[in-house]
Amino acid sequence: MSVSDEIHQRLEAAFNPRELEVIDDSESHRGHAGYQDGGESHFNVRIRASAFEGQSRVASHRAVHKALGDIVPRIHALALDIGG
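A brief report on the enclosed structure follows. (Residues numbered from 1 in each chain as written. Predicted model: local features only at pLDDT ≥ 70, side-chain atom pairs only at ≥ 80, totals over all residues. Heavy atoms only, no water.)

With that settled, the discussion passes to the sheet that holds strand 1 (residues 19-24). Strands sit in the order 1-2-3 across an open sheet of three strands; the sheet is mixed. Among the strands making up the open sheet, the edge pair consists of strand 1 and strand 3 (77-83). Strand-to-strand twist in this sheet, taken as the mean axis angle between neighbours without regard to direction, amounts to 10 degrees. Pairing of strand 2 (residues 42-48) with strand 3 involves seven bridges; the strand directions are parallel. Considered in strand 3, the bridge of Ile47 is made with Ile82. (Pairing = 2+ DSSP bridges. Helix = DSSP H or I, 4+ residues; strand = E, 2+ residues; numbered from the N terminus. Axes fitted to C-alpha atoms, helices over the stretch in contact; angles between N-to-C directions.)

Here it is, written out as structure tokens:
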């Protein structure tokens, strides 16, 4: 399973979002730190779920990182756009 699919699956299970988009943005980082051939090193995630309503930005980011667990150390960059 691709890292993109793993991210999507874990966030879907943890938050049951009404909107979830996981984009592998690795290719646009070619030649930069952390880039690896084959991609799957840089990701942009947009997620909207009621679980984030009323949470601070820090709390929301922590919740996403917790849900992703062991995926986070395996990737170089994770940009999050989180909303309730």
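In this section: helix 1 (residues 3-15). A rise of 1.5 Å per residue sets the reference length of helix 1, with its 13 residues, at 18 Å; its end C-alpha atoms lie 18 Å apart and thus fit the reference within 8%. Next to the buried residues of helix 1 lie strand 1, strand 2 and helix 2 (57-68). At the exit of helix 1 stands Asn16, carrying a positive phi of roughly 45 degrees. (Expected span 1.5 Å × (residues − 1). Contact = heavy atoms within 4.5 Å.)

Let us look at unusual backbone geometry. The backbone phi angle of Asn16 is positive, close to 45 degrees, even though this residue is not glycine. Residue placement: Asn16 occurs in the loop between helix 1 and strand 1. Classification of Asn16 as exposed rests on a relative accessible area of 60%. (Buried < 20%, exposed > 50% of the residue type's maximum accessible area, 1.4 Å probe, protein only.)

A full pass over the atoms with the stated rule returns seven salt bridges. Residues joined by salt bridges that share partners form a network here, namely Glu6, Arg10, Asp70 and Arg74. (Salt bridge = Lys/Arg side-chain N within 4 Å of Asp/Glu carboxyl O.)

Where helix 1 contacts helix 2, the two axes come as close as 9 Å, and the packing angle between them is 120 degrees. In this view, helix 1 runs oblique relative to helix 2, as classed from their interaxial angle. Helix-helix and strand crossings are classified by hand; for helix 1 and helix 2 the assignment is right-handed. Seen from helix 1, the contacting residues are Ile7, Arg10, Leu11, Ala14 and Phe15; seen from helix 2, they are Ala63, Val64, Ala67 and Leu68. Across the contact of helix 1 with helix 2, the residue classes tally to eight nonpolar, no polar and one charged. (Parallel < 35°, antiparallel > 145°, perpendicular 65-115°, else oblique. Left-handed = near helix turned anticlockwise from the far one by under 90°. Nonpolar A, V, L, I, M, F, W, Y, C, P; charged D, E, K, R; others polar.)

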